[in-house]
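Structure at a glance
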Amino acid sequence: MRGITKRFPGGVIANDHVDFDLYPGEVHALLGENGAGKTTLMNILYGLYTKDEGEVYVDGKRVEIRSPKDAIRLGIGMVHQQFKLIPRHTVLENVVLGLREAGFVLNYRSLREMLVSTIREYGWNLDPDAYVWQLTASQKQQVEILKLLVRKARVLILDEPTSILTPQETTQLFESIRSMAAQGMGVVLVTHKLEEVMRVCDRVTVMRRGRVVAVRRREELNAEELVTLMVGRSIDQTYRVTVRPRDERVLEVRNLRVLDDRGAVAVKDVSFHVMKGEVFGIAGVSGNGQDELLEAIYGLRKAVSGKVYLNGRDVTNLPTWELVKQGVAMIVPEAVKGVGLGLTVAENLLLKCYRYEPFSRWGILKRKLMEESAKELVEQLKIVTRSVTARASTLSGGNLQRLIIARELFANPSRRLPVLLLASHPTKGLDVAATDYVRRLILGVRDSGAGVILLSDDLEELIALSDRIGVMYKGELLAVLEKERAEIETIGMLMMGVRPGGP
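Looking now at the nonpolar core. Among the nonpolar cores identified, the biggest contains 52 residues, and Trp124, Leu146 and Leu156 are the most heavily contacted of them. The dominant element in this core, judged by the number of residues it contributes, is helix H5 (residues 137-150), at seven residues. If sequence neighbours within four positions are ignored, Leu156 has contacts with Gly77, Val79, Ile145, Leu148, Met180, Met185, Gly186, Val187 and Val188. With 51 residues, the next largest nonpolar core counts Leu395, Ile404, Ile442 and Val452 among its residues.

Pasting the structure below:
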């Protein structure tokens, strides 16, 4: 890729004359802060965006990629964070869907043998006849990769591929990636996790503000240098315990049972407690009940049995607005869940307190005061927006997460820090600088004497921030580990259902 430039409305230059090379047989990491332009660059390579300037060459020949169809024809494939599979179809059916080489009349026996051969080659535990809805997140990812392998892809783009995997599954994925590279494929790894770069990649391209600032071989760099290249300054990523948990419980959950959206039991008689001044981490592969647990605590989902106590008071199944008044806050960074995209930045920031003084009186909103308060929060949390009256849909993903955090921590009815913070994947998708900022905010809440429940797919983050860590598997809380006993390998085994000392 030579001189790639991409402009968006409003004068935003996402890619500014970017050069990017990928060689056969290499794993190439693409790093950068949120908004650095790396995803835009890969979307251009895959045909989801069209470039405004520049040239793309494949095997030394200049090509025009106007759609994913063009990219696939050229041997370029991409696996997105959100899988593009049909749950009611089998693995085989998903793989051959749209496969021209399969012919008009499908020879299922021949196709199945081809898939089985490829699956065995990479050591995957995948049944071609299984339905997608029956698969784990790791297996669904394997299906997405399998679709590209069957189509003879020579360039594989992986966007944040380990965010849903256990440590063991991550290791298996990296082994598969190295095997693909050994066969001559070029792999682009888009990731925020620096340790992954150091483990599996051959070269690294670092982008900042739409431009390439460095291209280095892995052995020429360490994690600290990568951080400095990404953000333009060094960041101290050590998190020290400054306040020990108090001998007072802010939250107690007893034998809680919760159903999922299909009516199946998602949380099975879970019991635990959180002390004041404590971060209680919860680990688990996505879909094992941890989300439903937090939703039940926050009043977003009914518990069918069990109790929830806040500062000794029974708050089971209270409405969310009542819990908010009592000092409970929840950070859910996904834009669809946490933000009204059609509302302005100011309206989103004050969504939980606009009906109270001083922002409202006799049912009339004080718009000027709302905007002034919103500007203070924008400045405090460094939310990048052209105006507090702009719609939230104009913000980047990282800035949407900052907006949610500002609202939950500083714009509640009491205008005080919460007594209980439920943080669900608060740093997911954030770059190194933003991640560090959010982590320190969470620790600041803890140091104020509040209790914090932290859900995260990043086990290193859980270990760094948590005083204790609970591990969930199929709706059960298998174990609660003290910080001193919380090792990645132990947590990873529990996430797969293997109890300490068990089979």
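From this point on, the discussion continues.
Within strand S9 (residues 203-208), five of the six residues are buried, which leaves the element mostly enclosed by the surrounding structure. Where S9 and strand S10 (residues 211-217) come together, six bridges link them in antiparallel fashion. Note that in S10 the partner of Arg203 across the bridge is Arg217. The loop that links S9 with its antiparallel partner S10 comprises two residues; one of these, Arg209, has a positive phi angle of about 55 degrees.

Moving on: the side chain of Arg446. Following the sequence through the fold, Arg446 ends up in helix H15 (residues 432-447). At 2.7 Å, the side chain of Arg446 forms a polar contact with the side chain of Asp447.

Okay, the side chain of Thr344 next. Note on placement: Thr344 falls in the loop between helix H11 (335-338) and helix H12 (345-349). Every residue in contact with Thr344, bar those within four places of it in the chain, is listed here: Val388, Thr389, Ala390, Arg391 and Ala392.

What follows concerns the sheet that holds strand S15 (residues 313-314). Backbone-to-backbone hydrogen bonds pair the strands of a sheet. The strands run either parallel or antiparallel. Across the sheet, four strands lie side by side as S12-S11-S14-S15; this open sheet has antiparallel pairing. Pairing within the sheet leaves two strands with one partner each, and these edge strands are strand S12 (265-275) and S15. The pairing of strand S11 (residues 249-259) with strand S14 (residues 303-310) spans six bridges and is classified as antiparallel. Bridge pairing links Val258 to Ala303 in S14. Against the sheet, helix H9 (residues 290-297) makes contact with S11, S12 and S14, and its axis sits at roughly 120 degrees relative to S11, the strand it touches most.

Turning to the confidence of the model for the protein, a few remarks are in order. Taken residue by residue, the protein gives an average pLDDT of 84. The fraction at 70 or more is 90%. Mean pLDDT values over the elements of the protein span from 50, in H11, up to 96, in S15.

On to the environment of Asp52. By secondary structure assignment, the location of Asp52 is in the loop between helix H1 (38-45) and strand S4 (53-58). When its relative accessible area of 41% is taken as the criterion, Asp52 is described as partly exposed. The sequence separation of Asp52 and Ile4 amounts to 48 residues, and the corresponding C-alpha distance is 7.5 Å. If we skip the residues at most four places from it in the chain, Asp52 touches Thr5, Lys6 and Arg7.

In contact at an axis separation of 11 Å, H5 and helix H6 (residues 167-182) are set at 10 degrees when each is read in the N-to-C sense. In this view, H5 runs roughly parallel relative to H6, as classed from their interaxial angle. For the pair H5 and H6, contact is made by Ser138, Gln141, Gln142, Ile145 and Leu149 and by Glu169, Gln172, Leu173 and Met180, respectively. Of the residues contributing to the contact of H5 with H6, the split by class is four nonpolar, four polar and one charged.

Among the five residues that make up strand S7 (residues 155-159), five are buried, leaving the element largely enclosed by the rest of the structure. Where burial is concerned, the two faces of S7 agree: the one with Val155, Ile157 and Asp159 and the one with Leu156 and Leu158 are both buried. Of the pairings in the sheet, the one linking strand S6 (residues 76-79) to S7 comprises four bridges and is parallel in character. Among the inter-strand pairings, Gly77 is bridged to a residue of S7, identified as Leu156. When S7 meets strand S8 (residues 186-190), the two strands line up parallel, connected through five bridges. Each residue of the ladder has a partner; that of Leu158, found in S8, is Leu189. Handedness of the crossover joining S7 and S8 through H6: right-handed.

Let's shift gears to empty space enclosed by the protein. On inspection of all chains with the given rule, the structure shows four cavities of 30 Å³ or more. Estimates place the volume of the largest cavity at around 50 Å³. Lining the largest cavity are Trp124, Ser138, Gln141, Gln142, Ile145, Leu165, Glu169, Gln172, Leu173 and Ser176. Elements supplying a minimum of two residues to the lining of the largest cavity: H5 and H6. For the lining of the largest cavity, the per-class residue count stands at four nonpolar, five polar and one charged.

Glancing now at the sheet that holds S9. The sheet built from six strands is open, its strands ordered S6-S7-S8-S3-S9-S10 with mixed pairing. Of all the strands in the sheet, just S6 and S10 have a single pairing partner and so form its edges. Neighbour-to-neighbour, the strand axes of the sheet open up by a mean angle of 20 degrees, direction not taken into account. The sheet contacts of H1 involve strand S3 (27-32), S6, S7, S8 and S9, and relative to S3 the element is tilted by about 135 degrees. H6 contacts S3, S7 and S8 of the sheet and is inclined by roughly 125 degrees relative to S3.

How each quantity is defined
In this convention, every chain numbers its residues from 1, walking through the sequence in written order. Owing to the predicted nature of the model, reporting of local features is limited to residues with pLDDT of at least 70; listing and counting of side-chain atom pairs is limited to 80 or more, with chain, interface and lining totals taken over all residues. Side-chain metrics rest on all non-hydrogen atoms present in the structure, leaving aside hydrogens and water. What we call a nonpolar core is a set of buried Ala, Val, Leu, Ile, Met, Phe, Trp, Tyr and Cys residues that are connected through their side-chain atoms within 4.5 Å. Relative accessibility decides the category of a residue: with a 1.4 Å probe and only protein chains considered, values under 20% of the type maximum give buried, values over 50% give exposed, and everything between is partly exposed. Helix and strand assignments follow DSSP, with helices taken as H or I runs no shorter than four residues and strands as E runs no shorter than two, numbered in order from the N terminus. The contact rule is simple, with two residues in contact once any of their heavy atoms fall within 4.5 Å. Criterion used throughout: strands pair if DSSP finds at least two bridges between them. The definition of a polar contact used here is a pair of N or O atoms within 3.5 Å, where within protein one atom must be able to donate a hydrogen and the other to accept one, and adjacent residues in sequence count solely through side-chain atom pairs. Note on geometry: axes are lines fitted to C-alpha atoms, helical ones only across the stretch in contact, with angles between N-to-C directions running from 0 to 180 degrees. Note on scores: pLDDT gives the predictor's confidence for each residue, bounded by 0 and 100. When an angle is under 35 degrees it counts as roughly parallel; over 145 it counts as roughly antiparallel; between 65 and 115 it counts as roughly perpendicular; any other value is oblique. In this classification, the charged set is Asp, Glu, Lys and Arg, the nonpolar set is Ala, Val, Leu, Ile, Met, Phe, Trp, Tyr, Cys and Pro, and all remaining amino acids, among them Gly, are polar. For crossovers, right-handed means that the path from the first strand over the helix to the second runs clockwise, given strands pointing away from the viewer. With a 1 Å grid spanning the protein atoms alone, the term cavity applies to any set of points in which a 1.4 Å probe fits but cannot get out, the term pocket to an open set with protein on both sides within 12 Å along at least five of seven lines, and the term lining residue to any residue with an atom within 4 Å of a point. Grid points are joined across faces, edges and corners, and a volume is the space filled by probe spheres set on the points.

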